Amino acid sequence: MASSNSKSTNETARKIFKILLSNSRIKVSWFKAYAGNIGSERADQLAKDATQHGQPYSHTKLPKPQLKGLLRKRMLEEWQTLWKNGDTGRKIYNIMSSVSFRPTNWIREDVIFFSQHGPFPAYLKRFHLSDSDYCS
């Protein structure tokens with residue numbers, strides 16, 4: 001890797017090497033590619049997006065609270081998209097269509113009742129634990 005060579009003539013590699021030397025919190029390590037590492041796959045996806053859409057990397061210094069806020073907002077947006085377009089949990093989606101980091105005031109029994117995941121006749125029949133979906 002050119003960036004690990006301090007004598008490299010590649011300008012980009014020299015910039016990377018300088019950043020690595022000046023920031024002791026950045027750790028560089030090798031791991032097997034495409035081994036199901038979520039972080040690696042996400043980094044690969046972002047790198048491909050940047051090359052295809054012309055979004056160059058910029059080394060900006062944002063205050064940590066602002067950066068955390070931006071990441072939190074982005075995670076919430078992705079989570080909302082997955083919830084909106086998902087195939088599971090539709091009964092709960094019809095009641096709670098938006099996601100939130102804040103806990104709900106739902107009690108366990110309400111969740112069981114509205115999701116129909118519990119000791120109900122229809123649930124027991126669905127999983128072949130009962131012959132009938134009618135109440136006894």
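Predicted, not measured: the structure shown is a model, and the values here were computed from it. (Residues numbered from 1 in each chain as written. Predicted model: local features only at pLDDT ≥ 70, side-chain atom pairs only at ≥ 80, totals over all residues. Heavy atoms only, no water.)

**Quick look at the overall build of the protein**
Working step 1: Each helix and strand counted, the protein has 6 helices and 0 strands in total.
Working step 2: Of the regular secondary structure in the protein, the N- to C-terminal order runs α-α-α-α-α-α.
Working step 3: The 136 residues of the protein split such that 8% are buried.
Working step 4: In the protein, once contacts between residues fewer than 6 apart in sequence are set aside, the share between residues at least 24 apart is 13%.
Working step 5: Accessible surface, the protein: about 12400 Å² in total, of which carbon and sulfur atoms supply 57%. (Helix = DSSP H or I, 4+ residues; strand = E, 2+ residues; numbered from the N terminus. Buried < 20%, exposed > 50% of the residue type's maximum accessible area, 1.4 Å probe, protein only. Contact = heavy atoms within 4.5 Å. Areas by Shrake-Rupley, 256 points an atom, 1.4 Å probe, with all protein chains shown as cover.)

**Thoughts on the environment of V99**
Working step 1: Mapped onto the elements, V99 comes out in the loop between α4 (90-95) and α5 (108-115).
Working step 2: Note on V99: relative accessible area 14%, which makes it buried.
Working step 3: As for V99 and T81, which are separated by 18 residues in sequence, their C-alpha atoms are 9.5 Å apart.
Working step 4: In this view, V99 contacts L76, W79, Q80 and W83; residues no more than four positions away in its chain are not counted.

**Side note on the pattern of salt bridges**
Once their charged atoms are close, side chains differing in charge can pair, the charge on each being opposite to the other.
Working step 1: Under the criterion given, the structure shown has 2 salt bridges.
Working step 2: The shortest N-O distance in the salt bridge between E11 and K15 comes to 3.5 Å. Of this pair, E11 and K15 are both found in helix α1 (residues 11-22), 4 residues apart, which corresponds to roughly one turn of the helix.
Working step 3: The exposure class of E11 is exposed, given its relative accessible area of 58%.
Working step 4: A salt bridge links R74 to E78; the shortest N-O distance between them is 3.3 Å. In this pair, R74 and E78 are both assigned in helix α3 (residues 64-85), 4 residues apart and thus about one turn of the helix distant.
Working step 5: For E78, a relative accessible area of 34% translates into the label partly exposed. (Salt bridge = Lys/Arg side-chain N within 4 Å of Asp/Glu carboxyl O.)

**A closer look at the packing of aromatic side chains**
Working step 1: Going through the model one piece at a time under the given rule, you end up with 3 aromatic pairs.
Working step 2: With a centroid separation of 5.6 Å and 65° between ring planes, the pair formed by W83 and Y93 is classed as edge-to-face. Of this pair, W83 sits in helix α3 while Y93 sits in helix α4, placing them 10 residues apart in sequence.
Working step 3: Here the basic side chain of R90 rests over the ring of W83, its NZ or CZ set 5.0 Å away from the ring centre.
Working step 4: A cation over a ring is seen here: R90 above Y93, with NZ or CZ 4.4 Å from the ring centre. (Phe/Tyr/Trp six-rings, centres within 6.5 Å; stacked < 30°, edge-to-face > 60°. Lys NZ or Arg CZ within 6 Å of the ring centre and 35° of its normal.)

**Examining the environment of Y123**
Working step 1: Residue placement: Y123 occurs in helix α6 (residues 121-126).
Working step 2: Residues Y123 and D133, 10 residues apart in the sequence, show an inter-C-alpha distance of 7.7 Å.
Working step 3: Apart from residues no more than four positions distant in its own chain, Y123 is found in contact with Q116, H117 and G118.

**A closer look at a nonpolar patch on the surface**
Working step 1: Together, L62, L67, L70 and L71 line one region of the surface with nonpolar side chains, adding up to about 350 Å² of accessible area.
Working step 2: In this fold, L71 is placed in helix α3. (Patch = residues over 30% accessible without salt bridge, like charges linked within 9 Å, V, L, I, M, F, W, Y side chains within 5 Å.)

None of the figures reported here should be taken as evidence of function without further support.
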